[in-house]
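# Residue-level structure breakdown
As a plain string of letters, each chain reads:
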Amino acid sequence: MNHLLSQLTQKSNEGKRSLGILIDPDKVSDNSACLRVINMCVENKVDYILVGGSLMTKNNFSQIIQLIKANSSIPVIIFPGNYYQIDSNADAILFLSLISGRNPEYLIGQHVIAAPILKRTHLEVIPVGYMLVNSGHATAASYISNTTPIPTDKVSIAVSTAMAGEMLGLQIIYMDAGSGAEAPIPPKVITAVKKNINVPLIVGGGISSVHLAIQALQAGADMLILGNSVEENPNLLIEVSERIHHLNQKPLNIN
Ligand SMILES: CC(C)=CCC/C(C)=C/CC/C(C)=C/CC/C(C)=C/COP(=O)(O)OP(=O)(O)O
Ligand SMILES: O=P(O)(O)OC[C@@H](O)CO
Ligand SMILES: [Mg+2]
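As named in an unreviewed UniProt entry, the protein chain is Geranylgeranylglyceryl phosphate synthase, taken from Imperialibacter roseus. Its UniProt record gives the protein chain the following Catalytic activity (unreviewed entry) comment, quoted word for word: "sn-glycerol 1-phosphate + (2E,6E,10E)-geranylgeranyl diphosphate = sn-3-O-(geranylgeranyl)glycerol 1-phosphate + diphosphate". Quoted verbatim from the Cofactor (unreviewed entry) field of the UniProt record, the comment on the protein chain reads "Mg(2+)".

If you want it as structure tokens, here you go:
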């Protein structure tokens, strides 16, 4: 029942890293473009495909999940911007509580609406403490959720927020600079958070080069999420995936 969470937790405990690719349905122009990304994920042994966005203006969410399921065996994890983004053909959903913000709607409101719908599916529901960290300019997730991201230089706020999330029972912490961020989460913030929690740490937002990806992994990220940059530079997916498989032969342990 909690297969993916167990897998991620075990990998994290062993110091092994994972790679997730985000497909934002709003950015998918057509099936063939989407299929290209899916095929690249398969060829490069990507661990997870995430599907979701802050806003959905196209009616293609379920279709994209079906396309992934029909063309790969990579687990599909919903990364929802809101409770409309639920589809029983996916494998799991990140049940995000936006703990960096103070908007009750994104801390618990959306969840109350989603819970009975999720109960009727077989989706694995993964409780996640979702933290937005300032990235230089406003991001869609921060604007849409009407929350202020954690200031980048306030490391102790990021650490305390992550610790509180873990103490509340959340099983993963996801630190996000926001999709298309000018700069990703600084390595020192990643390391400080990682050293103070015992649950897996996902890091994403603005990872636009192999160098930045390696920096985040070496700082302590258990799982990286790449979105925008993969569409702009497909080689990034290939190179980051290779590096992760290489690193996993000599696992690091930050804790
Ligand atoms: C529990 C359920 C069902 C929903 C939770 C909803 C919560 C708390 C969401 C957190 C806030 C939020 C709006 C997150 C969005 C995360 C996401 C899927 C980001 C993908 O990128 P975009 O934010 O769409 O960026 P672009 O500007 O690049 O399109
Ligand atoms: O699109 P990018 O900037 O890679 O970000 C991915 C994801 O972490 C956004 O929520
Ligand atoms: Mg979007």
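Taken together, 21 residues form the shell around ligand 1, and within it D24, K27, S54, F79 and S179 come nearest. Contacts to ligand 1 include D24, whose side-chain N or O atom sits 3.0 Å from an oxygen atom. When contributions to the shell around ligand 1 are tallied by element, the ones reaching two or more residues are β4 (92–98), α4 (104–119) and α5 (140–145). Residues belonging to the shell around ligand 1 are distributed by class as follows: 12 nonpolar, seven polar and two charged.

Applying the stated criterion across every chain yields a total of four aromatic pairs. Centre to centre, the rings of F79 and Y174 are 5.0 Å apart; their planes meet at 25°, and the pair counts as stacked. Placement of the pair is F79 in the loop between β3 (76–78) and β4 and Y174 in strand β6 (residues 172–176), with a sequence separation of 95 residues. Taken as a pair, F79 and Y174 share a single burial class, namely buried. Here Y83 and Y84 contribute two aromatic rings whose centre-to-centre distance is 5.1 Å and whose plane-to-plane angle is 35°, an arrangement assigned as tilted. Judged by relative accessible area, which is 26%, Y83 ranks as partly exposed. Feature note: the residues F79, Y130 and Y174 constitute an aromatic cluster, connected by ring pairs.

Turning next to the UniProt feature "binding site: Mg(2+)" (unreviewed entry) in the protein chain. The feature "binding site: Mg(2+)" (unreviewed entry), as given by UniProt, occupies D24 and S54 in the numbering adopted here. With the annotated positions falling across 31 residues, the maximum pairwise C-alpha distance of 8.7 Å places them together in a single cluster. D24 has contacts with G52 and G53, leaving out every residue within four places of it along the chain. Once residues within four sequence positions are removed from consideration, S54 is found in contact with G81, N82, A140, A141 and I144. A distance of 3.3 Å separates a polar atom in the side chain of S54 from the backbone nitrogen of A141.

Attention now moves to the nonpolar core. One finds I21, I23, I173, M175, I190, V193 and L224 to be the most contacted residues of the largest nonpolar core, which totals 63 residues. Of the residues forming this core, the biggest block, six residues, is contributed by helix α8 (residues 210–219). With sequence-adjacent residues up to four places away left out, V193 is seen in contact with A158, V159, A162, M175 and L201. Within the second largest apolar cluster, 23 residues are counted, among which are Y48, L50, I77 and M223.

Definitions and limits used
- Residues numbered from 1 in each chain as written.
- Chains lettered and ligands numbered in written order.
- Predicted model: local features only at pLDDT ≥ 70, side-chain atom pairs only at ≥ 80, totals over all residues.
- Heavy atoms only, no water.
- UniProt positions renumbered as here; feature names shortened; annotations may be inferred.
- Near = heavy atom within 4 Å.
- Polar contact = N/O pair within 3.5 Å; in protein donor to acceptor, adjacent residues only side chain to side chain.
- Helix = DSSP H or I, 4+ residues; strand = E, 2+ residues; numbered from the N terminus.
- Nonpolar A, V, L, I, M, F, W, Y, C, P; charged D, E, K, R; others polar.
- Phe/Tyr/Trp six-rings, centres within 6.5 Å; stacked < 30°, edge-to-face > 60°.
- Buried < 20%, exposed > 50% of the residue type's maximum accessible area, 1.4 Å probe, protein only.
- Contact = heavy atoms within 4.5 Å.
- Core = buried A, V, L, I, M, F, W, Y, C linked by side-chain atoms within 4.5 Å.

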